[in-house]
Amino acid sequence: MTETNNDEKLLDKKFTRRQMLKMTGAGAAGIAIGASGMGGILKAFGKDVFLDDDHSATNKVNFYGKHQSGIATAVQTNIYFASLNVLVKSKAELQELFKMWTPLAVRMMNGETIGVEYKNGILPPKDTGEAKGLDARNLSITFGVGPSLFEIKELGLSSLKPAELKDLPHFPKDQLEEAYTGGDICIQACADDPQVAFHAVRNLIRAASGKVSLKWSQAGFNSFPIENGKKQTPRNLFAFKDGTENPNSSSESDMNKVVWVQSGDSKPWMTGGTYLVVRRIQLHLETWDRTALKEQENTFGRHRDSGAPLGKKKEFDAMDIERKDENGNYIVPETSHVFLAKKAKARIMRRSYSYSSGIVDATGAYDAGLVFISFQKNPEQFIKIQNHLGRLDKLNEYITHRGSGVFACFPGIKKGSYIGEALFNTL
Amino acid sequence: MKVKSLAAILLAGSVVLTGCNSSDTAKKDASKTKTEDTTGAKSSAVLQKEVNAYKDFALEQLDKFTIETEKFVKAVKSGDVAKAKEIYPTARMYYERSEPIAERFGDLDPRIDARLADLKAEGQGEEDWTGYHKIEYGLWKENTTKGYEKVADKLLADAKELRARVETVEVTPDLMMTGAVDLLNEVSTSKITGEEEIFSHTDLYDFKANVEGAEKIFTTLEPQIKNKDPKLANDLTEKFKAVNDLLAKYETKDGGYVLYTKLTKEDTKALAEAVNHLGEPLSQMGIIME
C-alpha cells in the first residue's frame, strides 16, 4: 500500500503546473504538455498521481465525470453489491479511506490491476488477480453512504446528514432480516462479467482491511435479448420485463427531473449525486410457476411475452391505466403491480438484477429473486410508490422483501479529486 | 495440525530424514546439518540476528513442550484423569506457539497433533491415530486414561524426537514471515470454528498460543519493519492489541480460557474479524525484503 500512500501525499499537495514542470525537469521545452500529459510523465517517474481514465481501454466506462458511474451507465449483465460497516474512528481516517479507494477504482475501471506488483515473492500479490486477462468489461463502481454513517459520533458528520437520508419506513409485508439490511457504506460494482464485478469489490475491501467490515453482499445477473442488433429490456425471474418505464438515461433533463439531486434540493455536497435504494426481494418461484398465465399477467398488468400493457401490442405502448372494457371494468386490474405503481405518480430509475443464492434453510425453497435497485433524487419517490403498492399489490402473494438499504451516492468525481470530496470539504 | 496431503507428508518426511525414526539418528543428523550451515552460510546473512533470536524462542518453547508433555504423560499413565485434563491445554500451547518450526516435520506433526478428521481425510483410520488429540478423546469423551498408556509413551517419544530434530531446521526470514501468517490462518480456519479441540473445547488456548507465536515473529522483526514502513509497524501493534484485548474477555480466573462452547455466534464473528484484520497487514511484513 506504500505506493498508494505516495499518491495521496502528492494528491494532497495539489501542486501547481509550475511545480510539476520543475519536478519533471521539463522546463521551457515542456510547456506544450497539456494537463492530461502530466499523469503520464509522473507515471514515468513511478508515481500515479493523476491517474486518469484510459480512453484507449476496451469496454470501458469512465470513472471521472459529472456523475458517478453505474447510474446512468447502460445496465451491465452482472452486479456485486456490498454493504459495509466502517471501523475507522475519525473523519480524517474516513477521508483517507475514500482517497485510497479512488486510484484503485480508476485502475480497475481501466481494466488494470490495482497496482504494480512487488518483485519480492515473500509478499502476497497486491491485486488478487482473478480479473487478469479480462478487459474492463464495462465495470462501473458506485459509492454511497448510509444514514448510520452520520450517526457514528466519533466521525462528527451528523450536521451533514441530509434530512431525506434515513432508513426506509416499514412497508406492509416486509420481512426484513438484519443480515441483509442497512450499512454505513455501499459499493455497487456492475460489469459485463461476474468475475470482474466481484474482483472490484474484493480488492476494494481488502485494501481497506481493518477500516471496514463487510455487513452483507449480494451478487446478481441480468440477460439482454438482442433484437435487430438492439439490446432489449431484461426479464426478471418471473419472466416479465423489468425497467420499461425508466427515465431516458441519455437525456440529462429527464435524469435531472428524476435522478440527479439539483442545487438547493439537499445538502450542498449531494448536488449532482443521487439516492440509491436497494431491496433484496425473494421471489417465490415455486408458487409463481404454478400460477396460470392469465393470473400472472393480471398480477403485473402487462403481457408476459411482449411486455406490452394489457390489451396492447407493444412493450412501449402507453400504459394508460384508466382504460376500461365494455363492462366498465379496468383493463389493467386495480390490484396489479403496474396500476398501483402508476397511481403513485412518482418516477424512479430502476437498475435491478436477479439473484440466485442457494436455498432457504427453513423451507428448502429457492433463495432467488430480485436485487431491486433504484436511483432517485429523493428516497421519497421510492417510498411513495412502495406505499401505493401497499397491501393491495397482487404481486405481494409471490414475493417477500428480506433486505433493505438506502444510500446517498456522491456526485461525480473530478480529475485530481477523490470520491466524496464534497462531503469532506464542507468540514 | 496443518492439513497436508498424504503425499506431501510422505515426501517431506523422506526429504528431511530418510526413514529414520529414533532420536539417536536424529541427533546425528542434527550435528551434520549444523556444520553444513556454518560452512554454507549463503543467503542467511540477511536478518541473521532476528533469525537467531526466533530460533532460540522456538527451541525454548519446545523444551518446555517436552517437559510439560512428560508431566502430561505421567498423569495419563498413573490414571489421573483430572490432572491430565488440567495439563492438556497449557502443554499444547508451547507447541502451538512454535508451530511454524514444529510443523516442518511432515511425519512428526501428524503423530503429535493430528485430529481424527485429518486422518480420515487422508484415507487412514482410527488405528493410525496417535498423539494429543487421541488422548483428548479418551479424557473427555470416555473420561478415562485406560488403554491410552501406549499412546502416551509414544507421544513422549515423539515430543523428544521433535525437540532433537528441530535443531536441524534452517530458519529463514521467509519461514518466519510465512509462519506468522500461517499461524493466523490456522486460527481463522480451525480454532475459530471449534474444530481443533472437538472434545475438550479448549480451542481458545490454541488460539491465544497461535497469536502469541505470530506476535513473537512480529516483535522480532519490528525494528526492521519500523525502518521500512513505520505505518505498518504501528498498524500491527494496534491490531495485535485488538485481538489480545478481545481474547482477554474470555479469560478465566485461573489464567485459562472459557470453553469454545460458551462462545456465541457474535463472539466468534468478532474474534474472526479481528484476526482477519490482523492477518492482512501481517502478510505485508515481507516489505522489509523489498
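No experiment lies behind these values; they were computed from the predicted model shown.

Attention now moves to the overall build of chain B. Across its full length, chain B holds 13 helices and zero strands. Order of helices (α) and strands (β) in chain B, N terminus to C terminus: α-α-α-α-α-α-α-α-α-α-α-α-α. Looking at chain B as a whole, 52% of its 290 residues are labelled buried. A sequence separation of at least 24 residues applies to 77% of the contacts in chain B between residues at least 6 apart. Approximately 13,300 Å² of chain B is accessible, and the part contributed by carbon and sulfur atoms is 54%.

At the interface, 17 residues of chain B touch 15 residues of chain A. Interface area, chain B with chain A, both sides summed: about 1,300 Å², of which 49% is carbon and sulfur. If you sort the residues of chain B by the area they bury against chain A, H277, E280 and E290 of chain B come out on top, with a joint share of 37%. Linking chain B to chain A there are one salt bridge. As a salt-bridge pair, E280 of chain B and R206 of chain A come within 2.8 Å of each other at their nearest N and O atoms. Summed over the shared surface of chain B and chain A, the result is five residue pairs in polar contact (both at pLDDT 80 or more). Elements represented by at least two residues in the side of chain B that touches chain A include exactly helix 10 (173–191), helix 12 (230–248) and helix 13 (265–282) of chain B.

Here we come to the packing of aromatic side chains. What the rule picks out here adds up to 32 aromatic pairs over all chains. Here F65 of chain B and Y132 of chain B contribute two aromatic rings whose centre-to-centre distance is 5.9 Å and whose plane-to-plane angle is 45 degrees, an arrangement assigned as tilted. Placement of F65 of chain B in helix 3 (residues 48–77) and of Y132 of chain B in helix 8 (residues 132–141) is noted, with a sequence separation of 67 residues between them. For F65 of chain B, a relative accessible area of 1% translates into the label buried. When its relative accessible area of 0% is taken as the criterion, Y132 of chain B is described as buried. In this structure an aromatic cluster arises from ring pairing among F98, W101, F143, F150, W269, F410, Y418 and F424 of chain A. Geometry around Y94 of chain B places R97 of chain B over its ring, the cationic atom sitting 5.1 Å from the centre.

Residue and element names in this part refer to chain B. You can see E68 is positioned in helix 3. Within the structure, the side chain of E68 is placed 3.0 Å from the side chain of K71, a separation counted as a polar contact. The contact partners of E68, leaving out residues within four places of it in the chain, are I87, A91 and Y94.

Take a negative patch on the surface next. Among the surface-exposed residues, E126, E127, D128 and E142 of chain B lie close enough to one another that they form a single negatively charged patch. For E142 of chain B, a relative accessible area of 40% puts it in the partly exposed group.

Looking now at unusual backbone geometry. Residues and elements named next belong to chain A. Even without glycine at this site, R137 takes up a positive phi of about 50 degrees. Tracing the backbone shows R137 in the loop between helix 4 (91–109) and strand 2 (140–145). Even without glycine at this site, A239 takes up a positive phi of about 75 degrees.

For helix 3 of chain B, built from 30 residues, the straight-helix expectation of 44 Å at 1.5 Å per residue is met to within 8% by its first-to-last C-alpha distance of 43 Å. Following helix 3 of chain B by one or two positions, G79 of chain B has its phi on the positive side, about 75 degrees.

A complete count under the given rule lists 46 salt bridges over all chains for this structure. Where R347 of chain A meets D254 of chain A, a salt bridge forms, and the shortest distance between an N and an O atom there is 3.0 Å. Taken together, the residues span a long stretch of sequence, with R347 of chain A in the loop between helix 9 (337–343) and strand 8 (349–350) and D254 of chain A in helix 6 (residues 252–258) at a distance of 93 residues. Between E212 of chain B and R97 of chain B there is a salt bridge whose closest N-O contact spans 2.7 Å. With a gap of 115 residues between them, E212 of chain B in helix 11 (residues 203–228) and R97 of chain B in helix 4 (residues 81–97) connect regions that are remote in the sequence. Given the relative accessible area of 14%, R97 of chain B is considered buried. Ionic contacts of the salt-bridge type, sharing partners, join the residues R92, E96, D113, E186, K191, E196, E197 and D206 of chain B into one network.

Before going further, it helps to spend a moment on the environment of D118 of chain B. Its place among the elements puts D118 of chain B in helix 7 (residues 116–121). A sequence separation of 60 residues divides D118 of chain B from T178 of chain B, and the C-alpha atoms of the two residues are 22 Å apart.

Attention now goes to the confidence of the model for chain B. In the predicted model, chain B carries a mean pLDDT of 86, and 84% of its residues have values of at least 70. The ipTM value of the predicted complex is 0.75, and its pTM value is 0.83.

Residues and elements named next belong to chain A. For strand 1 (residues 78–86), the tally of buried residues reaches eight of nine residues, placing the bulk of the element in the interior. Note that strand 1 and strand 3 (residues 185–191) share seven bridges and pair antiparallel. Opposite Y80, over in strand 3, you have A189 as the bridge partner. Where strand 1 and strand 4 (residues 212–221) come together, nine bridges link them in antiparallel fashion. Bridge pairing in strand 4 links I79 to G220.

Turning our attention to helix 4 of chain A. Residues and elements named next belong to chain A. Here helix 4 is 19 residues long and its end C-alpha atoms lie 27 Å apart, about the 27 Å a rise of 1.5 Å per residue gives. Summarising burial for helix 4: 14 of the 19 residues are buried, a large majority. After helix 4 finishes, the residue G111 shows a positive phi value of roughly 80 degrees.

Attention now goes to the state of the cysteines. Residue and element names in this part refer to chain A. Under the counting rule described, the total for this entry stands at zero disulfides over all chains. C186 provides the cysteine sulfur closest to C190, a residue in no disulfide bond, and the two sulfurs are 11 Å apart. Owing to a relative accessible area of 0%, C190 belongs among the buried residues under this scheme. No disulfide involves C409; its sulfur sits 5.1 Å from the nearest other cysteine sulfur, which is in C186.

Let us look at the side chain of R97 of chain B. Within the structure, the side chain of R97 of chain B is placed 2.7 Å from the side chain of E212 of chain B, a separation counted as a polar contact. For R97 of chain B, the contacting residues outside a window of four places in its chain are Y54, F57, Q61, L183, A209, E212 and G213 of chain B.

Parameters and conventions
- Residues numbered from 1 in each chain as written.
- Chains lettered and ligands numbered in written order.
- Predicted model: local features only at pLDDT ≥ 70, side-chain atom pairs only at ≥ 80, totals over all residues.
- Heavy atoms only, no water.
- Helix = DSSP H or I, 4+ residues; strand = E, 2+ residues; numbered from the N terminus.
- Buried < 20%, exposed > 50% of the residue type's maximum accessible area, 1.4 Å probe, protein only.
- Contact = heavy atoms within 4.5 Å.
- Areas by Shrake-Rupley, 256 points an atom, 1.4 Å probe, with all protein chains shown as cover.
- Buried area = accessible area lost by both parts, 1.4 Å probe.
- Salt bridge = Lys/Arg side-chain N within 4 Å of Asp/Glu carboxyl O.
- Polar contact = N/O pair within 3.5 Å; in protein donor to acceptor, adjacent residues only side chain to side chain.
- Phe/Tyr/Trp six-rings, centres within 6.5 Å; stacked < 30°, edge-to-face > 60°.
- Lys NZ or Arg CZ within 6 Å of the ring centre and 35° of its normal.
- Patch = residues over 30% accessible without salt bridge, like charges linked within 9 Å, V, L, I, M, F, W, Y side chains within 5 Å.
- Lys, Arg positive; Asp, Glu negative; His and termini not counted.
- Charge placed at Lys NZ, Arg CZ, Asp CG, Glu CD.
- Expected span 1.5 Å × (residues − 1).
- pLDDT = per-residue confidence, 0-100.
- Pairing = 2+ DSSP bridges.
- Disulfide = S-S within 2.5 Å.

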